[in-house]
Structure formats: C-alpha cells, structure tokens
Amino acid sequence: MAVEDSTRRGIGVSPGSAYGPVVLVAPPVRAPEGEPAATDPEQTKGAVAAAFESVARDLEDRAGRVEDTAAEILSATALIARDKSLLKAAGAHLDAGEGPATAIESAVDEFVVQFEALGGYFAERVADLRDVGARAVAAVLGVPAPGVPDLAEPSVVVAEDLAPAETAVLDRALVLAIVTSGGGRTSHTAILAAQRGIPAVVQCDRALELVAGTPVAVDGDLGTVTLDPSEEFVADLTARRERRAAALVDATGPGRTRDGHPVPLLANIGDVEDAEAAAAQDVEGVGLFRTEFVFLSATTAPTVEEQAEIYRRVLAPFGDRRVVVRTLDAGADKPLSFADLGPEENPALGRRGLRLSAARPELLDTQLAALAVAAADTGADVRVMAPMVATAEEADWFARRVREHGLPTVGVMIEVPAAALRSRHVLADLDFASIGTNDLSQYTLAADRMQGELSDLLDPWQPAVLDVIAAACDGGAATGTPIGVCGEAAGDPLLALVLVGLGASSLSMAPSRVPMVRLALSLHSRPDCQRIAVAVREARTAADALRTALDLADPGLRDLL
C-alpha cells in the first residue's frame, strides 16, 4: 500500500504512540424513522423525564468510580441531563405531535444550535449534549445505551467522537489509543485522554472508514494513523517511544533554554480538581485558570462568598507559584440565564468575554472582589486578565477596575487580531498579556474553531497566525510587557521553540505536555529559537513552516518527534 494511502491525518491531542487492532464504536442510538406521535403526551412526558433522570444517575455513578477531572466532567454532564429547559423543550415537541425519542432528539438539536452559535467552551460541550440525548433516546426506547464494546485485547478505539461518560472509564490496560473523526483540540475527549495518558488523534481523515481488526499505528504527537504498518515502522515507533521516555526522566525543574534564558512552564486549568492535580506536578504555576465552571451550573449569579471559597481551593495548592486567572469568558443567550443580553445573530462576534462584563459590570466586580478575598486569605500570587480585549480603551477600563479591587497585577488575553496589531497601545498600562492561540487563529483566518472541516485553516503553524503573534510580541518588547502563550500551541514542543523565538516569555499548556516542551527548550539556545522563528515566518504554507522548524531543530529533538 502506498504511503499516501496508508496514512490518515488528524490533530494530535494527547502525546504518545501505540500499535494495535481497530475496534469500532457503534454510532449513537437514533429515534426510529417515522416514529408515531405520543398517544398521551402528558404521560409520555413522564417517561421522557424518567429517561433523562436515568441518564443523570448513570453518569453520577460513573463519576463515583473515577477521580479528579473525569469525575468533575461526568458530574457536569449529569447536570445537562437534569436541565429543566432541555426537558421543557422535549415536552414542547411532544405537544407538537412528535414521538418520545424524536422529541428528545429535536430538543437536543435546538440546544446544539445554541451551543455552537456561542462558540468556545459551549461549542466544545456539544459532544456531551449529544451523548446525553443519545442515552436518553436509548432509555426511552428500552435498548442498550451507546458505548465502547467490551474489549477482548488491547486495542485502538475508533469512533465519530467519544463522550466523557465513555472516555472517563476506559480501561487504560486495554485502550492503546483513541482515534475520532470529530472532536477538537480542547474537547473532553482530548482533555481526558491527555489526563489518562492515552495517545489520541481527533478530526482524523476517513477514520470511520477503518475496518475493525485492522492493525494501525497511532502517533498522538504528529496526529497520524498508519494502516497495516510494516514491522520496521512499528519497531521504529516503539524505539522512539522508549527513547522519549528515557529522555524525559531528567527533564525536570524550571523551563529554560540551553543558554539559561528562563521560560516559565505553566498549566492550564479549569476547576478545583485540575488545580489540585496540576499543583502536584512539576509546573511553575498556572498560566490560565478558566473561571467559567464557577458560573455555568449556577441559576443565579454566584456571590462573593461562594466564589471566594472556590478560588481559595484553586489558589492554595500552588503556594507562592503564580496563578493567572481569566475573568468570566461567556457569551450571549441561554448558558448564563442570569446574564442574558438577548439574542444575537452571531454571538462569537458579539457581546462575549469582556464585552459581557462591560454590559453587566456587577458580575465582574463580584468576581474581582472574590478573587481579592481569596488572594488575601491564601497569600497567593494572583494575576488577573480579561478575555476578548480588542482595543486600548477596553484594556484601560479593565485595568482600572481590577486595581480598584486591590489586585495589583493585571493583564489581558490577546486573541483578537486588533489587539495583537496594536499591542504597543493595548499593553501600555498593563503588567502582562497572554496570547490565546485558539481564538486568535479562528479570528485571523475567519474559520470557526469547532468546524472540523476547517482544521487545516486552524493549524497553529499557519504563517498568518505566526505573523500576528509576532506583532503582539513586538508590542510587548516595545512596552517592556511580558507576553506568554496559553493556547494549545504552547504545548507543541516544536512550536514552543518558535513562540520563544518570537518573544513569548512563558508557555502554559496541559500539564502532561510540560515535560516534552521543557526538554525541547533545553536543547536549544535563545538565539537558536530566534533563528528558527525567522525562518518559519518566511514559509509560504503551514506545512512548509512545520518542515522548516523540524529541519532546523536539534537532531536530538527530531529523533524524539
């Protein structure tokens, strides 16, 4: 088989490699075509409610059998199954003459549209929402719920996507790797796979065409799946995995280049469990604490006391290590019922992030007051930044607000091209900034980050994105403002060299990616990184940029990638 026909390409979201036979996950249970209307809609509403409740209980049972982030994600997904507005929507479809399974699907589809329109965190929860719907359909039809089949031997699990209910309880001894045709870089599949050390590739080309039992080699770093690899290929893959494990044994301590230039390596976290897990690892603090989880399950705006208690639990494990906190990054429409600004035609370009805080300043003031209390109680090095900043005026307004609450270190996210291009002005009164490469890529290339068909445009190696990052870093250099990177790009060991060469002062990523990035930096001097960055920016395409960086990297790193 020719090489080009035997390799499927996707996005590597959990590092490592594996070799084994394919096991296909059956598609979700669907409502019967032409399902008859409910003869007694009111009675059927009770059956639908019972189906959703059974799903919630099953998810909570699974949450009780796992730990840390997996338990938190499963518990949050159980809340979706108990969402009263989802049940109400299903009831409306029953009243409109639909059967129970069809009504569930219709209600889920409505919410999927809303979540996808909001983008960001909410769009990444679409897989969870669809899984809840499929499980509820199975329950109301009285058939087995969807899921990974029993594995008879260590295998590579292939699916359209995996819901957290499945990923969280996979047997690591039997699941060698995960390959999906859907999902994204920050989907729950990606998060849980990385946490559990399972190599994973998402948005894999023609993944669902793979035949059960076919031996495949999965590379979670390069994002490739090779069909029927030769013995030599498998031997090379195994040898590389062993070399990497040996090399990472000594990759410890603060991040720095070969010539001693410091590059703090930080963790991205989303909740208390993430914080506790990350604090126990060899990281220098937190570069991105997403605070959305504090708000998402609340029916009313959380109070200062409620938020402060959560923030204390996040800050305390890190001692004197920095914790960079991003204020509420939410959009318009249903997800925050207590901050509904009304419908918008395009919420991704609407009143989200700091714009929501400007429209509802009491939400921001309450959050800042809670952070100030938690910082004082723990003595933590708290640094606060705003999402979705586009102009110098917005940055100045936010900085004043933060400092009025006694929080001295303030910054912004640079994820809008306007902020990057005018960073010299945006950063004038700030203490730091952090580049969010996920949103920056989608806004630079006008490509929805959750649209799998546009994954090529969302490649962080796109030269236009690197140019925008360079512009942001130039502004940081001009103002003496440190600029870190907290998007997914920071966890790519090769791209990390480019980011440091462009001027990034710190890198924040999933904790599991820190050791390899630390090793990559240790093999290159700062001038090496700068030379690679200059050469990469001359590339014509994303593929050219990647090849250029790989060619210029230290042979010791190339040998491990």
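Above this text is the structure in question.
An account of the accompanying structure is given in this report. From a predicted model like this one, the values you see are computed outputs, not experimental measurements.

Here the focus is the overall build of the chain. Looking only at helices and strands, the chain has 25 helices and 16 strands in total. Relative to the compact-globule value of 24 Å for 561 residues, the chain shows a C-alpha radius of gyration of 23 Å, a close match. Dimensions of the chain, computed from C-alpha atoms along their principal axes, come out at roughly 75 × 65 × 40 Å. When burial is assessed residue by residue, the chain has 55% of its 561 residues classed as buried. When the accessible surface of the chain is summed, it comes to about 22300 Å², and 52% of that surface belongs to carbon and sulfur atoms.

With the exception of glycine, most residues fall at negative phi, and the peptide bonds are largely trans. Positive phi, normally seen in glycine, also occurs at Gln203, with a value near 50°. Given a relative accessible area of 11%, Gln203 falls into the buried group. The phi angle at Asp228 is positive, at roughly 45°, despite the residue not being glycine. For Asp228, the location among the structural elements is in the loop between strand 8 (224–227) and helix 10 (231–248).

What follows deals with the pattern of salt bridges. By the definition in use, this model includes 29 salt bridges. Among the salt bridges present, the one from Arg518 reaches Asp282, with a minimum N-O distance of 3.5 Å. In this pair, Arg518 is assigned in helix 22 (residues 514–522) and Asp282 in the loop between helix 11 (272–279) and strand 10 (285–290), connecting sequence segments 236 residues apart. Connected through salt bridges with shared partners, the residues Glu292, Arg326, Asp329, Arg352 and Asp439 form a single ionic network.

For the rest of this paragraph, the subject is the packing of helix 2 (residues 41–63) against helix 7 (residues 126–141). When two helices pack together, their arrangement is captured by the angle between the axes and the distance separating the axes. Their axes nearest at 8 Å, the elements helix 2 and helix 7 cross at an angle of 120°. The pairing of helix 2 with helix 7 is recorded here as oblique in orientation. Crossing hand, helix 2 versus helix 7: right-handed. When helix 2 is examined against helix 7, the residues Ala47, Ala51, Phe52, Ser54, Val55, Asp58, Leu59 and Arg62 are found in contact with a partner set consisting of Val132, Arg135, Ala136, Ala139 and Val140. Of the residues that constitute the contact of helix 2 with helix 7, the class distribution is 9 nonpolar, 1 polar and 3 charged.

With 5 of its 6 residues buried, strand 10 lies for the most part within the structure. Here 3 bridges tie strand 9 (residues 265–269) to strand 10, and the two strands are oriented parallel to one another. If you follow Asn268 over to strand 10, its bridge partner there is Leu288. Tracing the backbone out of strand 9, into helix 11 and back to the parallel element strand 10 gives a crossover that is right-handed. Relative to strand 11 (residues 322–326), strand 10 is paired through 4 bridges, and the arrangement is parallel. Across the sheet, residue Gly285 finds its bridge partner in strand 11, namely Arg322.

Here the focus is the state of the cysteines. Within this structure, the stated rule accounts for 0 disulfides. Not engaged in a disulfide, the cysteine Cys473 finds its nearest cysteine sulfur in Cys486; these two sulfurs lie 12 Å apart. Given the relative accessible area of 5%, Cys473 is considered buried.

What follows concerns the nonpolar core. Ile414, Ile435, Trp461, Ile469, Val498 and Leu507 are the most contacted members of the largest nonpolar core, which totals 99 residues. Those residues in contact with Leu507 that lie beyond four places of it in its chain are Val263, Pro264, Leu265, Leu266, Val485, Ala490, Ala496, Leu499, Val500, Val517 and Leu521. In terms of nonpolar packing, the next biggest core, distinct from the first, is built from 34 residues, Ala31, Ala81, Ala90 and Ala136 among them.

Looking now at the packing of aromatic side chains. All told, the structure shown has 1 aromatic pair when counted by the stated rule. Ring geometry for Phe289 and Tyr311: centres 6.2 Å apart, planes at 85°, overall edge-to-face. Taken together, the positions of Phe289 in strand 10 and Tyr311 in helix 13 (residues 304–315) put the pair 22 residues apart, joining distant regions of the chain. Tyr311 matches Phe289 in its accessibility class, with the two residues each being buried.

Another point: the side chain of Ser14. Of note, Ser14 is situated in strand 2 (residues 11–14). Overall, the relative accessible area of 1% leaves Ser14 in the buried class. From its side chain, Ser14 meets the backbone oxygen of Ile198 in a polar contact 2.7 Å long. Those residues in contact with Ser14 that lie beyond four places of it in its chain are Ala193, Ala194, Ile198, Pro199, Ala200, Gly220 and Arg513.

What the rule picks out here adds up to 3 cavities of 30 Å³ or more. What lines the second largest cavity is simply Gly16, Ser17, Asp221, Arg240, Arg241, Arg244 and Leu560. The biggest single contributor to the lining of the second largest cavity is helix 10, with 3 residues. Here the residues of the lining of the second largest cavity are counted per class, giving 1 nonpolar, 2 polar and 4 charged.

Strands sit in the order 1-8-7-3-4-5-6-2 across an open sheet of 8 strands; the sheet is mixed. One side of each edge strand has no neighbouring strand; the edge strands of this open sheet are strand 1 (7–9) and strand 2. On average, each strand axis in the sheet is tilted by 30° relative to the strand beside it, whichever way the strands run. Relative to strand 6 (residues 200–202), strand 2 runs antiparallel, the two being bridged by 3 bridges. If you follow Gly12 over to strand 6, its bridge partner there is Val201.

We now examine the environment of Gly260. Along the chain, Gly260 turns up in the loop between helix 10 and strand 9. The class of Gly260 is partly exposed, set by a relative accessible area of 32%. Sequence separation between Gly260 and Ser525 is 265 residues, and the spatial gap between their C-alpha atoms is 7.8 Å.

Rules behind the numbers
Residues numbered from 1 in each chain as written. Predicted model: local features only at pLDDT ≥ 70, side-chain atom pairs only at ≥ 80, totals over all residues. Heavy atoms only, no water. Helix = DSSP H or I, 4+ residues; strand = E, 2+ residues; numbered from the N terminus. Rg over C-alpha atoms; globule rule 2.2 N^0.38 Å. Buried < 20%, exposed > 50% of the residue type's maximum accessible area, 1.4 Å probe, protein only. Areas by Shrake-Rupley, 256 points an atom, 1.4 Å probe, with all protein chains shown as cover. Salt bridge = Lys/Arg side-chain N within 4 Å of Asp/Glu carboxyl O. Axes fitted to C-alpha atoms, helices over the stretch in contact; angles between N-to-C directions. Parallel < 35°, antiparallel > 145°, perpendicular 65-115°, else oblique. Left-handed = near helix turned anticlockwise from the far one by under 90°. Contact = heavy atoms within 4.5 Å. Nonpolar A, V, L, I, M, F, W, Y, C, P; charged D, E, K, R; others polar. Pairing = 2+ DSSP bridges. Right-handed = clockwise from strand over helix to strand, strands pointing away. Disulfide = S-S within 2.5 Å. Core = buried A, V, L, I, M, F, W, Y, C linked by side-chain atoms within 4.5 Å. Phe/Tyr/Trp six-rings, centres within 6.5 Å; stacked < 30°, edge-to-face > 60°. Polar contact = N/O pair within 3.5 Å; in protein donor to acceptor, adjacent residues only side chain to side chain. 1 Å grid on protein atoms, 1.4 Å probe; cavity = no way out; pocket = protein on both sides within 12 Å on 5 of 7 lines; lining within 4 Å. Points joined across faces, edges and corners; volume = space filled by probe spheres on them.

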